[in-house]
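# Survey of secondary and tertiary structure
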Amino acid sequence: MSVVVILIIVFALAVTVLGVFLAKMIIMPKKLSAVADLIKQGRTQPAAKIVKNILGKEPKNAVAHYYLGKIYQTEGKLELALMEYKTVGERGQFDREIPETEFRKQIAELYERFGQLEEALKEYILLIKSNPSNADYYYHSARLFDERGKTEVATKYARKAVELDPRHGKAHFTLGIILYKTKHPLEARVEFEASIKFDPSNYDSYYYLGKLMKESNDNTGALLAFERAQKSPSLKIKALIERGATYMNQGSYENAAIEL
């Protein structure tokens, strides 16, 4: 076989390989772009079919795993979504297709939902590093540190959250809870009142504010706070019991019996 023929064959093979590569580079993003549109439309089944077809050919395609996670999340299959997001996190490839901030918030929520608090906390710490002026990340970190029994660190993060955003009602509540548990009633009351001011639907704040008022013998204020706390279905029974106990403190046994 002549050298010319060999060169032609080599050139043809190179062109074929290049063509396949370019086709993948062009077609794959278009397919994944179509997947994003299908997810927005709520058409998760055809979206999943495209993504699984891609993964059948490219098992390590991080973008495809990310979209499959979004599909599962949309369908309420949260455990499967977390598995896909974990795969994406292991790859660590973030770009326009996989926005890092959105990804870390999603996986942090899923980690917490399934009780993996340490992993959720790691994600929020990474979010803080990427955006240290975001109060919400400090608030979530404070909650998780508190749940893990790291009170001192939780206090630091909660204070930072309200420093960055004084109107962050949930952060004020979290700081209030920490101060309440660590026997700082006056400071805790300030935080619960701030929480109610900026987040009037936080009925937990009313409940704990009522407990503080009751403990300081402000029975009238406590009764009003417990009454408002009853708007939360999860707090209604507890709030009624506290109102009954408050009436008993006043010697109003008839009213106490009604509440209890």
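### Describing the overall build of the protein chain
- Helix and strand content of the protein chain: 14 helices and 0 strands.
- Written out in order from the N terminus, the α and β elements of the protein chain read α-α-α-α-α-α-α-α-α-α-α-α-α-α.
- The buried share of the protein chain, taken over its 260 residues, is 43%.
- Look at the contacts in the protein chain between residues 6 or more apart in sequence, and 44% of them connect residues 24 or more apart.

### What about the packing of helix α5 (residues 100-113) against helix α6 (residues 117-130)?
- Closest axis-to-axis distance for the α5/α6 pair is 8 Å, and the angle between their directions is 160°. For the element pair α5 / α6, the angle class is roughly antiparallel. The two elements α5 and α6 meet at a crossing, and its hand is left-handed. Here Thr101, Arg104, Lys105, Ile107, Ala108, Glu109, Tyr111 and Glu112 of α5 come into contact with α6, specifically with Leu117, Glu119, Ala120, Glu123, Tyr124, Leu126 and Leu127.
- Partitioned by chemical class, the residues of the contact of α5 with α6 number 8 nonpolar, 1 polar and 6 charged.

### Considerations on unusual backbone geometry
- Phi at Lys183 is positive, roughly 65°, even though this residue is not glycine.
- Even without a glycine there, the phi angle at Asn217 is positive, about 65°.
- Overall, Asn217 belongs to the exposed group, its relative accessible area being 60%.

### Quick look at the confidence of the model for the protein chain
- Mean pLDDT over the protein chain: 86, with 84% of residues reaching 70 or higher.
- No element of the protein chain has a lower mean pLDDT than helix α1 (residues 3-40), at 54, and none a higher one than helix α8 (residues 151-164), at 98.

### Re the environment of Lys70
- By the secondary structure assignment, Lys70 is in helix α3 (residues 62-74).
- In this structure Lys70 comes out as buried when scored by relative accessible area, which is 18%.
- As for Lys70 and Ile39, which are separated by 31 residues in sequence, their C-alpha atoms are 7.9 Å apart.
- Those residues in contact with Lys70, other than ones at most four positions away along the chain, are Ile39, Tyr85, Glu102 and Gln106.
- Looking at Lys70, its side chain comes within polar contact range of the side chain of Glu102, at 3.2 Å.

### Notes on the side chain of Glu123
- Mapped onto the elements of the fold, Glu123 is located in helix α6.
- Classification of Glu123 as buried rests on a relative accessible area of 9%.
- Here the side chain of Glu123 touches Arg104 through a polar contact of 2.8 Å, side chain to side chain.
- In this view, Glu123 contacts Arg104, Ile107, Ala108 and Tyr111; residues no more than four positions away in its chain are not counted.

### Focus on the packing of aromatic side chains
- One pass over the full model with this rule turns up 14 aromatic pairs.
- When the ring of Phe173 is compared with that of Phe192, the centres are 5.9 Å apart and the planes differ by 45°; the resulting orientation is tilted. A residue pair is termed long-range when its members are at least 10 positions apart, and Phe173 in helix α9 (residues 169-181) and Phe192 in helix α10 (residues 185-198) qualify at 19 residues.
- For Phe173, a relative accessible area of 16% puts it in the buried group.
- Ring plane angle 85° and centroid distance 5.3 Å describe the contact between Tyr207 and Tyr208, whose orientation is recorded as edge-to-face.
- Three or more aromatic residues joined by ring pairs make a cluster, and in this case those are Phe173, Tyr180, Phe192, Tyr207, Tyr208 and Phe226.
- In this structure, Arg143 is placed above the aromatic ring of Tyr139, and the distance from its NZ or CZ to the ring centre is 5.5 Å.

### Thoughts on the side chain of Arg104
- Relative to the assigned elements, Arg104 resides in helix α5.
- Beyond its immediate chain neighbours, meaning those up to four positions away, Arg104 contacts Phe94, Glu123, Leu126 and Leu127.

Rules and cut-offs
Along each chain, residues carry numbers from 1 onward, in the same order as the chain's sequence is written. Residues qualify for local features only when their pLDDT is at least 70, as the model is predicted, and side-chain atom pairs are given and counted only at 80 or more; totals for whole chains, interfaces and linings, by contrast, use all residues. With hydrogens and water set aside, each side-chain value is computed from the structure's full complement of heavy atoms. Helix and strand definitions follow DSSP, with helices as H or I runs of at least four residues and strands as E runs of at least two, each counted in order from the N terminus. Any residue under 20% of the maximum accessible area for its type is buried, any over 50% is exposed, and the rest in between are partly exposed; the area is computed with a 1.4 Å probe on protein chains only. Note on contacts: a residue pair qualifies if any of its non-hydrogen atoms lie within 4.5 Å across the two residues. Comment: axis = line fitted to C-alpha atoms, over the contacting stretch for helices; angle = value between 0 and 180 degrees taken between N-to-C directions. Each angle gets one of four labels, with under 35 degrees taken as roughly parallel, over 145 as roughly antiparallel, 65 to 115 as roughly perpendicular, and the rest as oblique. Each crossing gets its hand from how the near helix is turned against the far one by less than a right angle, where anticlockwise is left-handed and clockwise is right-handed. Any residue outside Ala, Val, Leu, Ile, Met, Phe, Trp, Tyr, Cys, Pro, Asp, Glu, Lys and Arg is labelled polar, Gly included; the first ten of those are nonpolar and the last four are charged. Values of pLDDT, ranging from 0 to 100, describe the predictor's confidence in every residue of the model. Between N or O atoms, a polar contact is any pair within 3.5 Å; within protein, one atom must be a potential hydrogen donor and the other a potential acceptor, and residues adjacent in sequence are included only when both atoms are from side chains. Only Phe, Tyr and Trp rings take part, Trp by its six-membered ring, and two of them pair if their centres are within 6.5 Å. Stacked means planes under 30 degrees apart, edge-to-face means over 60, and tilted covers everything else. Geometrically, a lysine NZ or arginine CZ counts as sitting over a ring once it is within 6 Å of the ring centre and also within 35 degrees of the ring normal.

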